[in-house]
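Observations on chain architecture
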Amino acid sequence: RVAVVGAGVSGLTATKCCLDEGLEPTCFEQSQDIGGVWRYTEHIEAGRPSLYPSVISNTSKEMSAFSDFPFPEDFPVFLPNAQLLDYLQRYAEHFSLREHIKLGTTVVSIRKHPDFATTGQWNVVTEAGGKQTSHVFDAVMVCSGNFSEPSLPLHCFPGIERFRGQYFHSRQYKHPDVFQGKRVLVVGMGNSGVDIAVEASRVAAKVTISTTQGAWLLSRVFEHGYPWDMVLNTRLMSLIKTNLPRPLSWWLINYKVNQRFNHENYGLQPEKSCLVREPVLNDDLPSYILTGRITIKPGVKEFKDNSAVFHNCPEEEPIDIVVFCTGYNVSFPFLEESVVRVENKHASLYKYVFPTHLQKPTLAVLGLIKPFGGIMPLVEMQARWVSRVFKGLCQLPSQSVMQKEVNEKKKNQVRWFGLTFDEVLKTEWLVYLDTLASFIGAKPSVLGLLCTDPLLALTIFFGPCSPYQYRLRGPGHWEGARQAILTQWDRVLKPTRTRVPAGSSSSFSSLLTVVGFLLLLAAVIFAF
């Protein structure tokens, strides 16, 4: 029996993966419906993520799908939150997940059972309708997300206590009407910060973004009009990124992201350009800077009664409203700190999933990671691995080996990223997926396929690393995986080619075959 905490993206796929392995999941969701962060509500609910209605996914549908459940072909390439929620509801219906979900039920506490050392069991206390109930579970999957507790470090902003204007965290934002005719300051330059600044600039008198470090900016519409992640997240690109010397790899990334526009000219160039930071996805910001709707400023030095002063800028900026887009804290209020300890927004977990010190590996945390790619395939792979560990089909290394890897990874990321905010949670998307897939025997073999199915092999290597690749073999093998991979571009073009009939992807496949053969031949010659 497995307790699943939360019925968002992670909780739904965790429940489904448990069922696939013959386990008995019970999913507890404190709100009245499934969907997690993607379920929009006009009012802000305590302990739940809060969404503004204009949110659109940053990753394309083909790269965001669960690996055995493609998005409908008529869905747009990047999804408004309502359609992503629709997809999650279809997923739950298709795999009969709702009968295993208890809505309106809050997990109050999770504690080790007295004989945990031998059984690995957990005492779980839940509350529904004002009544508490105790359960005993053999294992626990924590899928509660990390967008519920806003991080608002006001102590880092001198003078905020005397600021007479309005200020709030981005979690409280719903509609741009609040900015009508106002002078707005957005503090922070993550995806939410830029989204809110762009929306505010359509009604506000003036909008300023304050960023200490700057950021790389990508558009959803990438080379030749294709989705950014279908161009960048390929096995070929991953091979290049992970095998080139780091300075050369960084230089290539800098070159690539500056092709659309020079970040330095727009005041966006990251402060330490040699560090690879998470890009911001937005299609409007460069043109809004060009047209004067948005101004980029350095970090806030101090606030005054009706203004803000920025570092290296002597003049004051008149401000009416401040929106703090300063991220979220990671917390698990139902767990003891000795089980999962969070430090600097980071929990020391093996492969971002398992606590390293438990006598029995019967508790896992899903989704506590920041990939440069779709989160849904990633948490699904975590759930596939975890469910097999719970069942005893996959073994974890010793505690000392796991802790050593966690410490080493943290040390490396402190060196590479400076451990600012949640940088330590970032990881290479495809490499991470392949690692977990190899644990369960689901990693695709490109060389093996080259002998038996060359078209599929070349599509897998040179094309997008769509999630269906991880259903070609191993546990959970899906008969439709090959067809889903070969028709992925058809589903991308279907919702955009609305004036003329959408063409077949066969011409692309033919070109891919020729180019792929020539590149593989060149690689073999070069290797020898």
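Residues numbered from 1 in each chain as written. Predicted model: local features only at pLDDT ≥ 70, side-chain atom pairs only at ≥ 80, totals over all residues. Heavy atoms only, no water.

Now for the overall build of the chain. Helix and strand counts for the chain stand at 17 helices and 26 strands. The C-alpha radius of gyration computed for the chain amounts to 24 Å, which stays within 12% of the reference 24 Å derived for 528 residues, consistent with globular compactness. Seen along its three principal axes, the alpha-carbon backbone of the chain occupies a region of about 65 × 65 × 45 Å. Long-range pairs, those at least 24 residues apart, make up 67% of the contacts in the chain with a sequence separation of at least 6. (Helix = DSSP H or I, 4+ residues; strand = E, 2+ residues; numbered from the N terminus. Rg over C-alpha atoms; globule rule 2.2 N^0.38 Å. Contact = heavy atoms within 4.5 Å.)

The next subject is the confidence of the model for the chain. Model confidence for the chain is summarised by a mean pLDDT of 90, while 90% of its residues fall at 70 or above. Counted against residues more than four places away or in other chains, residues 505–510, with its pLDDT under 50, gives five contacts. (pLDDT = per-residue confidence, 0-100.)

If you walk across this open sheet you meet the five strands as E3-E2-E1-E7-E24, and the pairing is parallel. Only two strands of the sheet have a single partner each, and these edge strands are strand E3 (101–103) and strand E24 (363–365). Taking the axes of each pair of neighbouring strands and ignoring which way they run, one obtains an average angle of 15° across the sheet. As defined by bridge partners, strand E1 (residues 2–5) adjoins strand E2 (residues 25–29) across four bridges and the pair is classed as parallel. The residue bridging Val-2 from the neighbouring strand is Pro-25, located in E2. Strands in contact with helix H1 (residues 9–20) are E1, E2, E3 and strand E7 (139–142); relative to E2, the strand with the most contacts, it is inclined by about 170°. (Pairing = 2+ DSSP bridges. Axes fitted to C-alpha atoms, helices over the stretch in contact; angles between N-to-C directions.)

Turning our attention to the packing of helix H10 (residues 375–391) against helix H12 (residues 429–440). Axis separation between H10 and H12 bottoms out at 9 Å; the angle between their running directions is 25°. Put simply, H10 runs roughly parallel to H12. Regarding H10 and H12, the two cross each other, and that crossing is left-handed. Along the contact surface, H10 presents Pro-377, Leu-378, Met-381, Gln-382, Arg-384, Trp-385 and Arg-388, while H12 presents Trp-429, Tyr-432, Leu-433, Leu-436, Ala-437, Phe-439 and Ile-440. Among the residues forming the contact of H10 with H12, the class breakdown is eleven nonpolar, one polar and two charged. (Parallel < 35°, antiparallel > 145°, perpendicular 65-115°, else oblique. Left-handed = near helix turned anticlockwise from the far one by under 90°. Nonpolar A, V, L, I, M, F, W, Y, C, P; charged D, E, K, R; others polar.)

This paragraph deals with the pairing of E7. Side-chain alternation along E7 places Ala-139 and Met-141 on one buried face and Val-140 and Val-142 on a second face that is also buried. Both E1 and E7 contribute to a ladder of four bridges, which runs parallel. Directly across from Val-2, in E7, lies its bridge partner Ala-139. Bridging between E7 and E24 involves three bridges; their strand directions are parallel. Its bridge partner lying in E24, Val-142 is registered against Val-365. (Buried < 20%, exposed > 50% of the residue type's maximum accessible area, 1.4 Å probe, protein only.)

Inspection of every chain in the model, using the stated rule, returns 28 salt bridges. Here Glu-336 ties to Arg-111 by a salt bridge, and the two come within 3.7 Å at their closest N and O atoms. Residue Glu-336 is found in the loop between strand E19 (328–329) and strand E20 (342–343), and its partner Arg-111 is found in strand E4 (residues 106–112); the two are separated by 225 residues along the sequence. The exposure class assigned to Arg-111 is partly exposed, which follows from its relative accessible area of 32%. (Salt bridge = Lys/Arg side-chain N within 4 Å of Asp/Glu carboxyl O.)

Glancing now at the nonpolar core. In terms of nonpolar packing, the biggest core is built from 112 residues, with Met-141, Phe-179, Phe-354 and Trp-385 touching the most fellow members. Counting contributing residues, this core receives three or more from each of domain 1 (2–148 + 329–434) and domain 2 (152–219 + 260–326). Those residues within four positions of Phe-179 in sequence are excluded, and the remaining contacts are Phe-168, Tyr-173, Val-184, Ile-196, Ala-200, Val-203, Ala-204, Ile-321 and Val-323. The next biggest cluster of nonpolar side chains, apart from the first, holds 23 residues, and it includes Val-140, Phe-332, Val-340 and Val-365. (Core = buried A, V, L, I, M, F, W, Y, C linked by side-chain atoms within 4.5 Å. Domains from an automatic or database assignment.)

Turning our attention to H1. Helix length check: H1 (twelve residues) gives 17 Å between terminal C-alpha atoms against 16 Å at 1.5 Å per residue, within 8%. For H1, the buried fraction is high: ten of the twelve residues fall into the buried class. Lining the buried residues of H1 we find E1, E2, helix H3 (81–94), E3, E7 and H10. Backbone geometry just after H1 places Gly-22 at a positive phi near 80°. (Expected span 1.5 Å × (residues − 1).)

Time to look at the environment of Asp-86. One can find Asp-86 in helix H3. Among the residues examined, Asp-86 registers a relative accessible area of 25% and is labelled partly exposed. Distance in space between the C-alpha atoms of Asp-86 and Trp-38 is 9.5 Å, their sequence separation being 48 residues.

A word on the domain arrangement of the chain. Domain boundaries in the chain define domain 1 (2–148 + 329–434) and domain 2 (152–219 + 260–326). For domain 1 and domain 2, the distance between their C-alpha centroids amounts to 31 Å.

The next subject is empty space enclosed by the protein. For the structure on display, the rule yields four cavities of 30 Å³ or more. In this model, the largest cavity occupies a volume close to 50 Å³. Every residue along the wall of the largest cavity is listed here: Val-142, Cys-143, Ser-144, Gly-145, Asn-146, Phe-332, Val-365, Leu-366, Gly-367 and Leu-368. Class assignment for the residues of the lining of the largest cavity results in six nonpolar, four polar and no charged. (1 Å grid on protein atoms, 1.4 Å probe; cavity = no way out; pocket = protein on both sides within 12 Å on 5 of 7 lines; lining within 4 Å. Points joined across faces, edges and corners; volume = space filled by probe spheres on them.)

Moving on to the packing of aromatic side chains. Throughout the structure, instances matching the rule amount to 29 aromatic pairs. Three or more aromatic residues link up through ring pairs in this structure, and these residues are Phe-66, Phe-69, Phe-71, Phe-75, Tyr-87, Tyr-91 and Phe-95. Taking NZ or CZ as reference, Lys-16 lies 4.6 Å from the ring centre of Phe-95, over its face. If you follow Arg-293 out to its NZ or CZ, it ends over the ring of Tyr-288, 4.5 Å from the centre. (Phe/Tyr/Trp six-rings, centres within 6.5 Å; stacked < 30°, edge-to-face > 60°. Lys NZ or Arg CZ within 6 Å of the ring centre and 35° of its normal.)

A word on a nonpolar patch on the surface. A cluster of nonpolar residues, Ile-240, Leu-248, Trp-251, Leu-252 and Tyr-255, forms a patch on the protein surface that exposes about 480 Å² of accessible area. Here Leu-248 lies in helix H8 (residues 246–257). Judged by its relative accessible area of 38%, Leu-248 is partly exposed. (Patch = residues over 30% accessible without salt bridge, like charges linked within 9 Å, V, L, I, M, F, W, Y side chains within 5 Å. Areas by Shrake-Rupley, 256 points an atom, 1.4 Å probe, with all protein chains shown as cover.)

A few words now on the environment of Asn-233. Among the structural elements, Asn-233 can be located in the loop between helix H6 (228–232) and helix H7 (235–243). In this structure the C-alpha to C-alpha distance between Asn-233 and Trp-429, which are 196 residues apart in sequence, comes to 8.0 Å. Residues in contact with Asn-233, not counting those within four places in the same chain, are Met-63, Trp-228, Lys-241, Phe-372, Gly-373, Trp-429, Pro-464 and Cys-465. At 3.2 Å, the side chain of Asn-233 and the backbone oxygen of Phe-372 are in polar contact. (Polar contact = N/O pair within 3.5 Å; in protein donor to acceptor, adjacent residues only side chain to side chain.)

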